[in-house]
Amino acid sequence: MIIELIKAAALLMSLCLLQSFSVRFIKKNGLIKQVVSGGIFGGICIIGMMLPIEIIPGVIFDPRTVVLSMAGLFGGPVVSVIAAALTGGYRLFLGGGGVYVGVAVVIASTCLGLGYRYCVHKGLMKVNIIQLLLFGLLVHVVEILFITQLPADVVVGLVSLIAFPLILVFTPATAFLGMLLKDVEDRINTEQALSKTLDDFDRNVIFSKTDLTGKITHASKAFCDISGFKLNELVGQSHSIVRHPDTPSSVFENLWKTIQQKKSFHITLKNKKKCGGHYWVESQLEPEFDSDGKHIGYIGTRFDITDRKEIEQLHEEIEETQREVIFRMGEIGETRSKETGNHVRRVAEYSKLLALHSGLGEDEAELIKQASPMHDIGKVGIPDAILNKPGKLDAEEWIIMQTHAQIGRDMLMDSSRPLLKTAAIVAYEHHEKYDGSGYPQGLSGENIHIYGRITALADVFDALGSERCYKKAWDEEKIFNLFKDEKGKHFDPKLIDIFFDNLDEFLAIRDKFNDI
């Protein structure tokens with residue numbers, strides 16, 4: 001008896017595994033796959049009932065309880081109902097004295113499987129070997145209880161003959177089949193998750209592979225979408241197909257040289273679309289090796305940064321416009337006082353040169369250069385009669401003229417922009433003197449901001465060398481002698497030393513932006 005039950009259980013478990021693997025190849029999801037799966041489970045049960053163990057006429061035993069309980073657990077309502085309908089229908093077709101008990105066992109096994117499934121989904125139970133064994137025991141105890149509903153004259157002998165072998169064989173068979181189906185289900189879920197991940201990667205990551213010669217062997221959908229090329233247009237081509245003419249060839253020569261040495265390479269590139277447009281990517285290029293460690297090609301992963309680049313370019317344009325406006329405003333201030341056209345440009349260049357030689361960084365030196373044209377912006381608030389007076393100003397006029405430093409500061413100080421805040425400092429402090437005799441605050445030494453000290457020297461050097469409405473231009477020797485005399489008085493002594501140590505550079509700027 002036990003041997004026959006084992007053979008029957010083994011046959012049906014084998015068929016169940018074939019069912020699990022075969023369903024994987026059905027491409028359609030949802031209801032169609034469930035219908036097919038339910039049909040196969042039902043067919044397996046029918047095969048089992050075609051090869052039954054018949055104890056007495058009309059009373060048959062087979063592993064349909066094992067199959068149907070697993071159909072409920074792993075297949076769900078649609079699968080298990082279809083399987084139960086086919087199995088129950090065939091059992092009715094077979095007839096015999098145990099037909100109604102047999103159909104009841106079909107229904108009970110299916111319902112128990114669905115109940116187990118519900119408990120698992122609710123987190124009340126798990127699918128593991130211990131709980132599967134207990135579940136298998138429950139299913140077949142229920143089956144034995146249904147057997148007791150057969151006519152009394154056969155029940156005692158039948159139960160004593162079949163109960164122990166049934167539980168002994170079909171309980172572990174249920175647990176074993178459950179673990180096998182769980183493993184298959186886990187594998188399917190893993191493969192589906194991996195497939196989805198790869199699909200997401202293909203749709204969202206700009207990826208390509210090349211052979212050792214640099215010819216493209218694969219490109220992701222995202223690569224095709226952003227470049228505008230179809231996959232068959234890319235395969236066999238080099239990446240020069242998306243090379244933008246704005247990118248120097250030397251960049252690609254360095255890139256190729258690096259990855260040929262089996263090193264990774266990170267770069268930001270502007271690429272060309274098929275339609276002639278462009279896009280920006282941040283690229284990571286790596287050598288590719290096979291499982292034996294052999295170098296077989298290169299892979300590139302890219303991220304679209306076009307939006308970020310466009311924002312950066314817009315920001316640069318805004319800053320450039322801001323610098324241009326400030327420069328023009330500085331020119332307006334100088335124009336009102338009828339000073340030379342290139343004065344603000346030369347002062348800007350002198351200021352940057354002094355800043356760099358003073359040890360300030362490139363960014364800060366550039367900030368001073370951009371802000372220094374505003375050093376006399378406050379002159380827009382000075383009356384023309386005073387501003388353009390050909391002779392010397394009287395005491396009252398001089399007091400009014402000095403207010404241009406405060407006016408300039410008041411115009412600029414409330415801005416949150418670093419450039420305008422720097423310009424406010426320059427406008428306010430460039431007439432302070434190192435010995436404290438300047439205006440408007442009478443600051444001395446390093447209490448005067450370095451921006452003010454730098455612009456003071458740059459402004460005076462250019463003013464003395466330029467012709468104004470109230471004076472002629474000084475010659476170089478006279479200017480140099482004044483600077484030496486005013487070292488530590490009007491001017492920061494360290495800046496005077498820097499000026500003379502780098503005199504050729506200052507004179508080169510003067511000659512380059514000379515008034516014609």
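Before reading on, note that the structure itself is shown above.
Cut-offs applied
- Residues numbered from 1 in each chain as written.
- Predicted model: local features only at pLDDT ≥ 70, side-chain atom pairs only at ≥ 80, totals over all residues.
- Heavy atoms only, no water.
- Helix = DSSP H or I, 4+ residues; strand = E, 2+ residues; numbered from the N terminus.
- Contact = heavy atoms within 4.5 Å.
- Areas by Shrake-Rupley, 256 points an atom, 1.4 Å probe, with all protein chains shown as cover.
- Salt bridge = Lys/Arg side-chain N within 4 Å of Asp/Glu carboxyl O.
- Buried < 20%, exposed > 50% of the residue type's maximum accessible area, 1.4 Å probe, protein only.
- Expected span 1.5 Å × (residues − 1).
- 1 Å grid on protein atoms, 1.4 Å probe; cavity = no way out; pocket = protein on both sides within 12 Å on 5 of 7 lines; lining within 4 Å.
- Points joined across faces, edges and corners; volume = space filled by probe spheres on them.
- Pairing = 2+ DSSP bridges.
- Axes fitted to C-alpha atoms, helices over the stretch in contact; angles between N-to-C directions.
- Patch = residues over 30% accessible without salt bridge, like charges linked within 9 Å, V, L, I, M, F, W, Y side chains within 5 Å.
- Core = buried A, V, L, I, M, F, W, Y, C linked by side-chain atoms within 4.5 Å.
- Polar contact = N/O pair within 3.5 Å; in protein donor to acceptor, adjacent residues only side chain to side chain.
- Phe/Tyr/Trp six-rings, centres within 6.5 Å; stacked < 30°, edge-to-face > 60°.

A. Structural context of the overall build of the protein. Of regular secondary structure, the protein possesses 20 helices and 7 strands. Intrachain contacts of the protein at a sequence separation of at least 6 include 59% that bridge at least 24 residues. Total accessible area on the protein is roughly 26400 Å²; 59% of this is exposed by carbon and sulfur atoms.

B. Quick peek at the pattern of salt bridges. Inspection of the entire model under this criterion finds 23 salt bridges. Linking D199 and R203 is a salt bridge whose minimum nitrogen-to-oxygen distance equals 3.1 Å. Here D199 pairs with R203, and both are found in helix α7 (residues 152-204), just 4 residues apart, close to one helical turn. E288 is paired through a salt bridge with K209; the nearest N and O atoms lie 3.3 Å apart. Of this pair, E288 sits in strand β6 (residues 278-289) while K209 sits in strand β3 (residues 206-210), and the two are 79 residues apart along the sequence. According to the relative accessible area criterion, E288 is buried, its value standing at 16%. Within this structure, K196, D199, D200 and R203 form a network of salt bridges that share partners.

C. Looking closely at helix α17 (residues 450-464). If you check α17, its first and last C-alpha atoms are 21 Å apart, about what 15 residues at 1.5 Å a residue would give, namely 21 Å. With 14 of its 15 residues buried, α17 lies for the most part within the structure.

D. Region of the structure containing empty space enclosed by the protein. Counted under the stated rule, the structure contains 2 cavities of 30 Å³ or more. In this model, the largest cavity occupies a volume close to 100 Å³. What lines the largest cavity is V59, I60, F61, R64, R91, G98, V101, G102, V105, E143, I147 and L150. Looking at the lining of the largest cavity, the elements that each hand over two or more residues are β2 (59-61), α5 (99-121) and α6 (129-147).

E. The sheet that holds β6, seen in detail. Pairing within the open sheet is antiparallel, and its 5 strands lie in the order β4-β3-β7-β6-β5. Because the sheet does not close on itself, it has two edges, and the strands there are β4 (216-219) and β5 (265-272). Across the sheet, the mean angle from the axis of one strand to that of its neighbour is 25°, orientation sign disregarded. In terms of strand pairing, β3 meets β4 through 3 bridges, oriented antiparallel. Bridge assignment links T210 to a residue of β4, and that residue is I216. Packed onto the sheet, helix α10 (residues 249-260) meets β5, β6 and β7 (295-304) and runs at close to 140° relative to β5.

F. Geometry of a nonpolar patch on the surface. On the surface, I129, I130, L133, L134, L137, V141, L145 and M179 cluster together to form a nonpolar patch covering roughly 660 Å² of accessible area. Here the nonpolar patch takes 7 residues from α6, the largest share from any one element. One can find L137 in helix α6.

G. Broad picture of the environment of Y279. Its place among the elements puts Y279 in strand β6. In sequence terms Y279 and I226 are 53 residues apart; their C-alpha atoms lie 7.7 Å from each other. Here Y279 is in contact with I226, S227, V242, L269, K270, N271, K272, K273 and T306, once residues within four sequence places are set aside.

H. Structural view of the environment of T403. Of note, T403 is situated in helix α15 (residues 395-412). Sequence separation of T403 and Y428 is 25 residues, and the distance between their C-alpha atoms is 9.6 Å.

I. The arrangement of the nonpolar core in detail. The biggest cluster of nonpolar side chains holds 29 residues, and the ones touching the most others in it are L457, F461, F483 and F499. If you list the elements that add at least two residues to this core, you get α12 (343-357), α13 (362-371), α17, α18 (476-485), α19 (493-501) and α20 (503-512). Looking at this core element by element, the count peaks at 7 residues for α17. Leaving out residues up to four positions away in the same chain, L457 has contacts with L354, F483, F491, L495, I496 and F499. Counting 26 residues, the second-largest nonpolar core is a separate cluster that includes F61, L73, V127 and L158.

J. Main features of the pairing of β5. Where β5 and β6 come together, 8 bridges link them in antiparallel fashion. Bridging across to β6, L269 finds its partner in V281. The turn joining β5 and β6, which pair antiparallel and follow one another in sequence, is formed by 5 residues; a positive phi near 105° is taken by G276.

K. The environment of R302, seen in detail. Locating R302 in the fold gives a position in strand β7. Not counting residues up to four positions away in its chain, the partners in contact with R302 are V205, I206, F207, S208, F223, H239, V281, E282, S283 and L285. At 2.9 Å, the side chain of R302 forms a polar contact with the side chain of S208. Of the polar contacts made by the side chain of R302, one reaches the backbone oxygen of G300; its length is 3.2 Å.

L. Highlighting the packing of aromatic side chains. For the coordinates displayed, the defined rule picks out 15 aromatic pairs. Ring geometry for F499 against F500: centres 5.2 Å apart, planes inclined by 80°, an arrangement best described as edge-to-face. We classify F499 as buried; its relative accessible area is 0%. Accessibility expressed as a relative area gives 25% for F500, which makes it partly exposed.

M. Examining the side chain of T65 more closely. By the secondary structure assignment, T65 is in helix α3 (residues 64-75). Looking at T65, the relative accessible area reads 0%, which means it is buried. A polar atom in the side chain of T65 sits 2.8 Å from the side chain of H140. With sequence-adjacent residues up to four places away left out, T65 is seen in contact with V105, S109, V139, H140, E143 and F170.

N. Molecular detail of unusual backbone geometry. Of the consecutive residues Y439 and P440, the connecting peptide bond is found in the cis state with omega at 10°. By the element assignment, P440 lies in the loop between α16 (418-429) and α17.

O. Summary view of the pairing of β3. In terms of burial, β3 is a largely internal element, 4 of the 5 residues being buried. Hairpin connection from β3 to β4: 5 residues lie between these consecutive antiparallel strands, with G214 at a positive phi of about 90°.

On their own, these measurements won't tell you what the molecule is for.
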